[in-house]
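# An overview of the molecular structure
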Amino acid sequence: MIITIDGPAGVGKTTISLAVAEKMRVAYLDSGAMFRGLALALGSGSWNWPENRLLEAMEGFCFSLNGVGGASSLLLNNRPLSEAIRSETIGVWASNLGRIPLIRDKLKKAQQDLGRERDLLAEGRDMGTVIFPEADYKFFLEADPAQRAKRRWLQLRAMSVQADLAELVKDMRLRDKQDRTRSIAPLLPAREAYILDTTSMTQKEVIEAIMARMA
Ligand code: DC
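Residues numbered from 1 in each chain as written. Predicted model: local features only at pLDDT ≥ 70, side-chain atom pairs only at ≥ 80, totals over all residues. Heavy atoms only, no water.

Our next topic: the site of the ligand. Near the ligand there are 16 residues, and of these R36, R104, R125, R175 and D179 occur at the shortest range. In the environment of the ligand, an oxygen atom lies 2.7 Å from a nitrogen or oxygen atom belonging to the side chain of D179. Elements that contribute at least two residues to the shell around the ligand include exactly helix 2 (31-42), helix 4 (88-97) and helix 8 (165-181). Grouping the constituent residues of the shell around the ligand by class yields three nonpolar, five polar and eight charged. (Near = heavy atom within 4 Å. Polar contact = N/O pair within 3.5 Å; in protein donor to acceptor, adjacent residues only side chain to side chain. Helix = DSSP H or I, 4+ residues; strand = E, 2+ residues; numbered from the N terminus. Nonpolar A, V, L, I, M, F, W, Y, C, P; charged D, E, K, R; others polar.)

This is how it looks when you write it as structure tokens:
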């Protein structure tokens, strides 16, 4: 079984996806964490590297996924990804890398391989459109930008990551625009996706709506 949950930054995808994966007893794949992990490992400006340098660097990376539901663990070169990938700066770097066809191709293969080996809930931007077009259930979460910035700020604060709300709004706006308008695999709902506007819904209500759809 493959379930996809796509949507913009700060919409609450991670918390909701983890809860749904736990209830469904399937592995949870955070595809954004793959882009973030690469961004942190390659460093600032890597999105401007010549193709052969990027290609060579990518040969050194291997992703694996262990466990199910809340105990799912994504590994990069056999090591868990560090909390440092969660900052909004790394989010912007990840979005910059996400515009590069070579990076998307490599991650697409890695993501599809992980989905071939197990039942999976995959969360990201293009899971329902490009990576798993044959998924059994597809969801797309939306929420208004002010609400998303606030949710993201609260999430970062809970992880003790310093963030300035005004900076966060600016970075998220940039990231959203870039993710929605890039030429390959832009953020958009799959034709068959069930779209949920979560602006005035609690997390519990969103999880219940998703579970009801799959009952
Ligand atoms: O979901 P996230 O905020 O952790 O994602 C970080 C960035 O990674 C996002 O702004 C764009 C990129 N990304 C992507 O291009 N495709 C995905 N499937 C997931 C993330």
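From this point, the narrative continues.
Taking 1.5 Å per residue as the helical rise, helix 1 (residues 13-24) with its 12 residues ought to reach 16 Å, and the 16 Å between its terminal C-alpha atoms agrees with that figure. Of all the residues in helix 1, the buried ones are K13, I16, S17, V20 and A21. For helix 1, the angular spread of buried residues about the axis comes to 130 degrees, placing them on one side. Tucked into the core, helix 1 has its buried residues touching strand 1 (2-6), strand 2 (27-30), strand 6 (120-124), strand 7 (137-142) and helix 9 (203-214). At the C-terminal side of helix 1, R25 shows a positive phi close to 55 degrees. (Expected span 1.5 Å × (residues − 1). Buried < 20%, exposed > 50% of the residue type's maximum accessible area, 1.4 Å probe, protein only. Arc of directions from axis to C-beta. Contact = heavy atoms within 4.5 Å.)

Before going further, it helps to examine the sheet that holds strand 3 (residues 63-66). Taking strand neighbours across the sheet as the criterion, the three strands line up as 3-4-5 in an open arrangement whose pairing is antiparallel. Among the strands making up the open sheet, the edge pair consists of strand 3 and strand 5 (79-80). Note: strand 3 against strand 4 (residues 73-76), four bridges, orientation antiparallel. Bridge assignment links N66 to a residue of strand 4, and that residue is S73. (Pairing = 2+ DSSP bridges.)

Counting through the fold element by element, N96 comes out in helix 4. A residue is classified by how much of its surface remains accessible, and N96, at 15% relative accessible area, is buried. Among the polar contacts listed, one links the side chain of N96 to the side chain of Q178, at a separation of 2.7 Å. Here N96 is in contact with W47 and Q178, once residues within four sequence places are set aside.

Time to look at the packing of helix 7 (residues 145-158) against helix 8. The geometry of a pair of packed helices is captured by two quantities: the angle between their axes and the separation between those axes. Between helix 7 and helix 8, the shortest axis-to-axis distance is 10 Å and the interhelical angle comes to 115 degrees. Regarding helix 7 and helix 8, the two cross each other, and that crossing is right-handed. When helix 7 is examined against helix 8, the residues R148, A149, R152, W153 and L156 are found in contact with a partner set consisting of L165, L168, V169, M172, R175, D176 and R180. Within the contact of helix 7 with helix 8, the residues separate by chemical class into seven nonpolar, no polar and five charged. (Axes fitted to C-alpha atoms, helices over the stretch in contact; angles between N-to-C directions. Left-handed = near helix turned anticlockwise from the far one by under 90°.)

Over its 17 residues, helix 8 runs 24 Å from end to end, which matches the ideal 24 Å to within 8%, given 1.5 Å per residue. Along helix 8, the residues that are buried comprise L168, D171, M172, R175, D176, Q178 and D179. Contacts made by the buried residues of helix 8 are with helix 2, helix 4 and helix 7.

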